[in-house]
Amino acid sequence: MDARTLHDIAQISDPLDRARAASSAMATLQGQSVELSRIRRGAIIEAQESGLRQDDIARHLGVTPGRISQMKKAGGDSGHRAPTGPVEPRPRVLVERALPTPPTVRGSTSLYLTEAEQQGLKPERRMLFVGKEPANEHVAAALRVEAGAPVIARRKMFWANDVPVRIATSYFRLDVGENTRLDAEGFVLPTLQAALEEMGHRFGHATETLTVRPATPYEADLLDIAGEWVVQVLRVSVSTDDVPIHALETICAATRHVFPIGQVSGSDQF
């Protein structure tokens, strides 16, 4: 990232837009760093195979020979092998995740169950966690709380045809969800939307932000996607009183999803 890009992000007037842009840039840089490390390692190996000594390479790069050894190890072995996948071959599954989310799907019992069944897949979901946890930077910005402040998290795992495809976490501010059905165990029935309306909240608007990044170790383990990337969709729903009521972070296994993106009816232009 160049200095101009950093300057442009720092000059964004709206603090939420500025925080969102910074988070997106950080995720991009993380992925670029991994790829650049791989490219550098391959270049060093190619130079050695052409006959250059490690001392010569180190001198050319302005580092020590020991540092060259470290560069060769960074990011993987020298064989340029693809990341090892599961021993048991898994069927290829592509789950649709429409953007923006159609209102009829959002109002259903489960966004995922509805979408998967419409696509002829066998869906399964399981609650992983319900409780308080510190808000990470992008969730804190979405809910307008301090980073690290406690928020209510409801984390679920989803499968399609017995293949793990998605992790979704609903986040709520404490002043919205504490001591309500939102911090109780199990699924909120009949729907989360109905529960929020029963609590007096009225939907105003929502934004959905898509970010592509490397999977964290936790995500890679749950989704069985070692060495792969994920698509993070953050949907922030704001009430008519301009209060961020719900932040839904969905982590999608990138190779198992497609994302149809629709235009608002009557707004298409060539």
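In this text, all values refer to a predicted model and were calculated from it rather than measured experimentally.

A. Molecular detail of the overall build of the protein. Counting its regular elements, the protein contains ten helices and eight strands. Counting only residues that meet the buried cut, the protein has 37% of its 270 residues in that class. Partitioning the intrachain contacts of the protein with sequence separation of at least 6 by distance along the chain shows that 61% fall at a separation of at least 24. For the protein, the accessible surface area stands at approximately 15,400 Å², while carbon and sulfur atoms represent 54% of it.

B. View of the environment of Lys156. For Lys156, the location among the structural elements is in strand β3 (residues 150-160). Residue Lys156 is classed as buried on the basis of its relative accessible area, which comes to 14%. C-alpha separation for the pair Lys156 and Thr250, spaced 94 residues apart in sequence, amounts to 9.4 Å.

C. Broad picture of the pattern of salt bridges. All chains considered together, the criterion is met by eleven salt bridges. Put simply, Asp56 and Arg53 hold a salt bridge, and the shortest N to O gap is 3.5 Å. The closest approach of N and O atoms between Arg173 and Asp175, which form a salt bridge, is 2.8 Å. Classification of Asp175 by relative accessible area gives exposed; the value is 61%. Salt bridges sharing common partners tie together Arg53, Asp56 and Arg59.

D. Seen up close, the environment of Ala184. By the secondary structure assignment, Ala184 is in the loop between α8 (174-177) and α9 (192-198). C-alpha of Ala184 to C-alpha of Arg154: the two residues are 30 residues apart in sequence and 9.2 Å apart in space. Once residues within four sequence positions are removed from consideration, Ala184 is found in contact with Val130 and Arg154.

E. Local environment of the sheet that holds strand β4 (residues 163-172). Within the open sheet, the six strands sit side by side as β2-β3-β4-β7-β6-β5. Their pairing is antiparallel. This sheet does not close on itself; its edge strands, each paired only once, are β2 (123-134) and β5 (203-214). Neighbouring strand axes in the sheet, compared pairwise and without regard to direction, differ in orientation by 15° on average. Of the pairings in the sheet, the one linking β3 to β4 comprises nine bridges and is antiparallel in character. Residue pairing in the sheet places Met157 in a bridge with Ile167 of β4.

F. Main features of the confidence of the model for the protein. Mean pLDDT over the protein: 81, with 80% of residues reaching 70 or higher. Of the regions scoring below 50 in pLDDT, residues 77-87 engages in eight contacts with residues more than four places distant in sequence or in other chains.

G. Spatial organisation of unusual backbone geometry. Phi is positive for Arg144, which is not a glycine, with a value near 60°. Within the element layout of this structure, Arg144 appears in the loop between α7 (137-143) and β3. What makes Arg144 partly exposed here is its relative accessible area of 39%. Residues other than glycine seldom take positive phi values, yet Asp224 does so here, at roughly 60°. As for its placement among the helices and strands, Asp224 is situated in the loop between α10 (217-223) and β6 (229-239).

H. A look at the side chain of His246. Position of His246 relative to the elements: it lies in strand β7 (residues 244-253). A relative accessible area of 5% means that His246 is categorised as buried. Within the local environment of His246, its side chain forms a polar contact with the side chain of Ser170, the two groups lying 2.8 Å apart.

I. Region of interest: helix α6 (residues 111-118). Burial analysis of α6 places six of its eight residues in the buried class, the great majority of the element. Here α6 has its buried residues at Leu111, Tyr112, Leu113, Thr114, Glu115 and Ala116. Gly120 sits one or two residues past α6 and shows a positive phi near 75°.

J. Seen up close, the environment of Ala147. Among the structural elements, Ala147 can be located in the loop between α7 and β3. Given the relative accessible area of 52%, Ala147 is considered exposed. Ala147 sits twelve residues away from Ala135 along the chain, and the two C-alpha atoms are 5.6 Å apart. Apart from residues lying up to four places away in sequence, Ala147 is in contact with Ala135, Glu137 and Ala140.

Conventions and cut-offs
- Residues numbered from 1 in each chain as written.
- Predicted model: local features only at pLDDT ≥ 70, side-chain atom pairs only at ≥ 80, totals over all residues.
- Heavy atoms only, no water.
- Helix = DSSP H or I, 4+ residues; strand = E, 2+ residues; numbered from the N terminus.
- Buried < 20%, exposed > 50% of the residue type's maximum accessible area, 1.4 Å probe, protein only.
- Contact = heavy atoms within 4.5 Å.
- Areas by Shrake-Rupley, 256 points an atom, 1.4 Å probe, with all protein chains shown as cover.
- Salt bridge = Lys/Arg side-chain N within 4 Å of Asp/Glu carboxyl O.
- Pairing = 2+ DSSP bridges.
- Axes fitted to C-alpha atoms, helices over the stretch in contact; angles between N-to-C directions.
- pLDDT = per-residue confidence, 0-100.
- Polar contact = N/O pair within 3.5 Å; in protein donor to acceptor, adjacent residues only side chain to side chain.

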